[in-house]
Amino acid sequence: MDDDHISDLPIIILHDILSRLPEKDAARASVLSKAWAETLSTFPILSFSISKMIGMCSLTTEEEFSMIRKNFVDYVKKTLLRFHDQGLAIKELQLNVDCFDFHYMSRHVDLWLKLAAESGVEVLELCLPYRYELKEEGRLCCYVLPTGVLEAKSLKKLVLKGGIFVDQAFMKHSIKFFSLRELTLRRVLLEDEQVIEYLISRCPLIEYVTLTFCSVLKPGGAGGLLRSRAFKMKSMSMRGLLKLKGVDIIGIQEVYVDSPSLENLCYCADDFYLTCKLEFERCKNLKSLHLRHFKSTVITQKWFIELFLKFPFLESLKLDNCTMSERICISSDKLTVLMLSKCSNLKEVIIDAPNLSSCQYVGHRAPKPIISFLRSSSQLEVNVEMYFDHLDLSDLREFIQNFKPQNVLASLSLSIDQSIVDEFNPIVLQDSSPPPIIKHLNLQSVPENETLFWPVVNSLLSSCCPETISLCLHSYCCSRAFIEFLYETLVGRKENDCFCSSGSAKCWWHGLKGVKITNTSNTDGNADFKTTLDALPTWGDFDNIIFRLEL
């Protein structure tokens, strides 16, 4: 049957179908039928990007660019006016004006935001270039957010990114964001730090706040001429927000959060600050904590003990680029997710978490800690990402064996650097005992020098026995020559070059029953190796080639 029953569905259902499609597919739907064309013309999710329009053209002159910009402005205005004049609701509006000219575009953006506010917009995202200009006379040249945005009483989510200035006029505005649930400010410029605190305090239903590298404009003297300079925010306080569930802050020196409803807290200090301060002791229902670049305070055994006592519902703990004691013990019956990434000084970790299901460790060369699990779930999988110099690969086996018990290590991702010291005199490993078994070995990068292929492969296969090995064909990751060498080694064609050919102990990979070849976009395990390798892209979106070993 050729009957189109879908087009007869109510408009609200057709809009829901479009909202679930990728943007390009949703646009193509307009050619299916008159009903679909009308559906798209009233689709309440609008996205405008001047860079996409420019990308579709081949521009060579300033006049051509100006014409494209004018066409973009006219198109956005025409669309928003149509929604406004016909009384059509705008559910979401995304404006990406990354080719922004302050003098030309400001008045247009003002009008667009006004039309959206009057059309009941619920989600508003404004993205401008991450820059602003300060003239010698101290005059600021960037887009000033109009206070009229506050008149969008229907607004549930507000995202501001780039060279947008929020001045003190907002502190004199009495209207509240009665419906706002989410607020995201990224590299926004403020006239006063208290502007953001004031705005958030006027959002009684706010649930999620994200602040990333926001700056404050402050006056300063220079040669007798009063100028303004932008400084990073130093402090932020959030109190009395009864609905607050998630806070994500980057680049603020001192942060105070007082909310019993808070469940997720992510804080990233800025290396610019020698010290940072984070207070959230009253957030007793916290479930997830993620600290990044928290180096001014050494995380000790006492810190962990107090953490789990203060926050008895904590389920997820992620520490990234933090300074830690050499030996720590993490004990919690609630913890299900744990990540330790590039934490300096760490030499031994003892984990007593019977409900832990996911553990990730990311290291960068030395030190390589001993990680033990006293009590662990049968569902626990440990995923490790490490950086090794190829001369240090002799330590890899010991590092893997230092996971207790052995069966928890599920995947190991390695980036192997090529040292310029003694690169032609590598260590060849010989060990009669079988190496530890792991589920997956991912080689993120390996040396380009072909004389190092054999010692690298020998070190890897002497250190662990993986069920699968994956590699990415790319000049920065793994060359075609290395992938072919690894395959030939696995199928036994290089046996005569192996140290075990003259000894009693044989390398485990010589006893493989078979090697199946797949890639991430094709799961056919019977594919020919050369065909699979030839099908891998060498630029753009990369697929991994996967060796599945039949042990």
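Residues numbered from 1 in each chain as written. Predicted model: local features only at pLDDT ≥ 70, side-chain atom pairs only at ≥ 80, totals over all residues. Heavy atoms only, no water.

Running from N to C, helix 5 (residues 62-85) and helix 6 (residues 102-118) point in directions that differ by 20°, and their axes come no closer than 9 Å. Between helix 5 and helix 6, the crossing angle belongs to the class labelled roughly parallel. Two packed elements cross with a definite hand, and for helix 5 against helix 6 that hand is left-handed. Residue-level contacts link Arg69, Lys70, Phe72, Val73, Val76, Lys77, Leu80, Leu81 and His84 of helix 5 to Tyr104, Met105, His108, Leu111, Trp112, Leu115 and Glu118 of helix 6. By residue class, the composition of the contact of helix 5 with helix 6 is ten nonpolar, two polar and four charged. (Axes fitted to C-alpha atoms, helices over the stretch in contact; angles between N-to-C directions. Helix = DSSP H or I, 4+ residues; strand = E, 2+ residues; numbered from the N terminus. Parallel < 35°, antiparallel > 145°, perpendicular 65-115°, else oblique. Left-handed = near helix turned anticlockwise from the far one by under 90°. Contact = heavy atoms within 4.5 Å. Nonpolar A, V, L, I, M, F, W, Y, C, P; charged D, E, K, R; others polar.)

Glancing now at the packing of helix 10 (residues 453-463) against helix 11 (residues 480-490). Axes are the key here: two packed helices are described by the angle between their axes and the distance separating the axes. For the pair helix 10 and helix 11, interaxial distance at closest approach is 11 Å and the crossing angle is 55°. The pairing of helix 10 with helix 11 is recorded here as oblique in orientation. The two elements helix 10 and helix 11 cross, and the hand of that crossing is right-handed. Between helix 10 and helix 11, the residues in contact are Phe453, Trp454, Val456, Val457 and Leu461 and Ala481, Phe482, Phe485, Leu486, Thr489 and Leu490, respectively. In terms of residue class, the contact of helix 10 with helix 11 is made up of ten nonpolar, one polar and no charged.

It is worth spelling out the sheet that holds strand 18 (residues 277-279) at this point. The strand order across the open sheet formed by three strands is 14-16-18, and the pairing between neighbours is parallel. In this open sheet, the two strands that pair with only one neighbour each are strand 14 (235-239) and strand 18. Going across the sheet, the axis of each strand differs from the next one's by a mean of 0°, ignoring polarity. In this structure, strand 14 lies alongside strand 16 (residues 254-258), joined through five bridges in parallel fashion. Note on strand 16: the bridge partner recorded for Ser235 is Glu254. (Pairing = 2+ DSSP bridges.)

Another aspect to go through is the confidence of the model for the chain. With 79% of its residues at a pLDDT of 70 or more, the chain has an overall mean of 82. Below a pLDDT of 50 lies the segment residues 221-226, which in the model reaches seven contacts outside its immediate sequence neighbourhood of four places, other chains included. (pLDDT = per-residue confidence, 0-100.)

Turning to the pattern of salt bridges, a few remarks are in order. Going through the model one piece at a time under the given rule, you end up with 17 salt bridges. For Asp333, the salt bridge goes to Arg375, with nearest N and O atoms at 3.0 Å. Here Asp333, found in the loop between strand 21 (327-331) and strand 22 (337-341), pairs with Arg375, found in strand 25 (residues 370-375); they are 42 residues apart in sequence, far enough to count as distant. You can call Asp333 partly exposed: its relative accessible area is 48%. Residue class for Arg375 comes out partly exposed when judged on its relative accessible area of 39%. Across the pair Lys516 and Glu550 runs a salt bridge, and its minimum N-O distance is 3.7 Å. Of the two residues, Lys516 sits in strand 31 (residues 514-519) while Glu550 sits in strand 32 (residues 544-550), which places them 34 residues apart along the sequence. Looking at Lys516, the relative accessible area reads 35%, which means it is partly exposed. (Salt bridge = Lys/Arg side-chain N within 4 Å of Asp/Glu carboxyl O. Buried < 20%, exposed > 50% of the residue type's maximum accessible area, 1.4 Å probe, protein only.)

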